[in-house]
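So the chains spell out like this:
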Amino acid sequence: MILTRGLTDANFGWYKVPRLGRLDFLTAHSDGCRVEHSSINDAVRFVHEWSVAPKKRQAAVGERMPVAAVRAAAVIHPDPEMRRACLFFLDHYDCDGSVETFRQALRDPVSFVRESALHGLACERCRYEAICVTDVVGDLIEMLASDPSPDVRHKALVALGRFLERDTQAPEAVARTAQSDSDAAIRFVAREMASSGQPYHRSRKAGLRDERRARRTRL
Ligand SMILES: [Zn+2]
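Residues numbered from 1 in each chain as written. Predicted model: local features only at pLDDT ≥ 70, side-chain atom pairs only at ≥ 80, totals over all residues.

### Let's talk about the overall build of the chain
Defined as follows: Counting from the N terminus, the helices are DSSP H or I runs at least four residues long and the strands are E runs at least two residues long. In this scheme the burial state of a residue depends on its C-beta neighbours within 10 Å: 20 or more other such atoms mean buried, 12 or fewer mean exposed, and anything in between means partly exposed; the C-beta positions come from the backbone. Distance between backbone-placed C-beta atoms decides contact: two residues are in contact if it is within 7 Å.
Per the secondary structure count, the chain includes 12 helices and zero strands. Order of helices (α) and strands (β) in the chain, N terminus to C terminus: α-α-α-α-α-α-α-α-α-α-α-α. Buried residues in the chain amount to 37% of all 219 residues. Contacts in the chain between residues far apart in sequence, at least 24 positions, make up 62% of those at least 6 positions apart.

### What to know about the nonpolar core
Keep this limit in mind: Nonpolar core, as used here: buried Ala, Val, Leu, Ile, Met, Phe, Trp, Tyr and Cys residues forming one set through C-beta atoms within 7 Å.
Judged by nonpolar contacts, the single largest core of 54 residues is most densely connected at A43, V70, A73, C86, L140 and L160. Setting aside residues no more than four positions away along its own chain, C86 makes contact with A43, V47, V70, A73, A74 and H77.

### What about the environment of E192?
Structurally, the position occupied by E192 is in helix α11 (residues 184-196). Distance in space between the C-alpha atoms of E192 and V174 is 9.6 Å, their sequence separation being 18 residues.

### Notes on the packing of helix α9 (residues 150-161) against α11
Quick reminder of the rule: Under this scheme, a helix contributes an axis fitted over its contacting stretch, all axes are lines through C-alpha atoms, and angles between N-to-C directions fall in the 0 to 180 degree range. Any angle that is under 35 degrees is reported as roughly parallel, and any over 145 degrees as roughly antiparallel; angles of 65 to 115 degrees are reported as roughly perpendicular and all others as oblique. Ten residues, namely Ala, Val, Leu, Ile, Met, Phe, Trp, Tyr, Cys and Pro, are considered nonpolar, four, namely Asp, Glu, Lys and Arg, are considered charged, and the remaining ones, Gly among them, are considered polar.
Where α9 meets α11, the axes come as close as 10 Å, and the angle between the chain directions of the two elements is 5 degrees. On the basis of their axis angle, the class for α9 and α11 is roughly parallel. Contacts between α9 and α11 involve P150, R153, H154, L157 and G161 from the former and I186, V189, A190 and M193 from the latter. Taken together, the residues of the contact of α9 with α11 sort by class into six nonpolar, two polar and one charged.

### Points about the packing of helix α8 (residues 133-146) against α9
Between two packed helices, the angle of one axis relative to the other and the distance separating the axes together describe the packing. Note the threshold: Two helices that cross are described as forming a left-handed crossing if the nearer one is turned anticlockwise from the farther one by less than a right angle, and a right-handed crossing if clockwise.
For the pair α8 and α9, the least separation of the axes is 8 Å and the interaxial angle reads 145 degrees. Our pair here, α8 against α9, has a crossing hand that is left-handed. Two secondary-structure elements touch here, α8 through V137, L140, M143 and L144 and α9 through V152, R153, A156, L157, A159 and L160. A class-by-class count of the residues in the contact of α8 with α9 yields nine nonpolar, no polar and one charged.

### Points about the environment of H77
By the secondary structure assignment, H77 is in the loop between α4 (67-76) and α5 (80-93). According to the C-beta neighbour criterion, H77 is buried, with 25 such atoms within 10 Å. In this structure the C-alpha to C-alpha distance between H77 and A43, which are 34 residues apart in sequence, comes to 9.5 Å. Discounting chain neighbours no more than four positions away, the residues touching H77 are I40, M82, R83 and C86.

### A look at the environment of F163
Positionally, F163 belongs in the loop between α9 and α10 (169-180). On the neighbour-count criterion, F163 (24 C-beta atoms within 10 Å) is buried. Here F163 is in contact with V133, V137 and A170, once residues within four sequence places are set aside.

### Considering α8
To be explicit about the condition: To estimate how far a helix should extend, the number of its residues minus one is multiplied by 1.5 Å.
A rise of 1.5 Å per residue sets the reference length of α8, with its 14 residues, at 20 Å; its end C-alpha atoms lie 20 Å apart and thus fit the reference within 8%. Taken together, the buried residues of α8 touch α6 (99-105), α7 (111-122), α9 and α10.

### Some remarks on the confidence of the model for the chain
We count it as follows: For every residue, the pLDDT score states the predictor's confidence, bounded by 0 at the bottom and 100 at the top.
Per-residue confidence for the chain gives a mean pLDDT of 84; residues scoring 70 or more make up 82%. Below a pLDDT of 50 lies the segment residues 1-34, which in the model reaches 35 contacts outside its immediate sequence neighbourhood of four places, other chains included.

Printed below as a string of structure tokens:
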């Protein structure tokens, strides 16, 4: 993964007027004042510093993360690898505070960035504060119903599995998915979850394999 590509002034041509939503986001998340381009560079510098730090120093570097800059870069940096890296760092070092950033990144044009955003939103391992189940389940259900990428929908479904007993909307959405998703492996995984009442922990690849095997035994 390329984490260290620097930003030159020319790169900034990328975020132009049609991305107004993102500029608004920047404004909203930097205490009323626009995050300057230099702040995006702060995020890049931080990611670089962390990636070259020896393992035992990484936690200390992480503690000094420039949070506002990393949140901004997670949404507007032109390089999707950098957006994904920033989401990773927010998940590890500022998970509770960055919920709105994760939510914004659910609309990222690149599917692997959306997958990271999903992780940050639904990850309970990296948090100190309790997750707001209703909000997270709502976001996961929306992704499951509308995301064009089956990889992202698979992740949303797996994440939803952890909330089956905590929010009645979760099993309902799983049952709906078992009927209506356009992807056979996703319908299969949802059916497994709905009939067992248990979460599914396996990868999309495994889901595809499981579905094929089930289809063969049925024939
Ligand atoms: Zn996490």
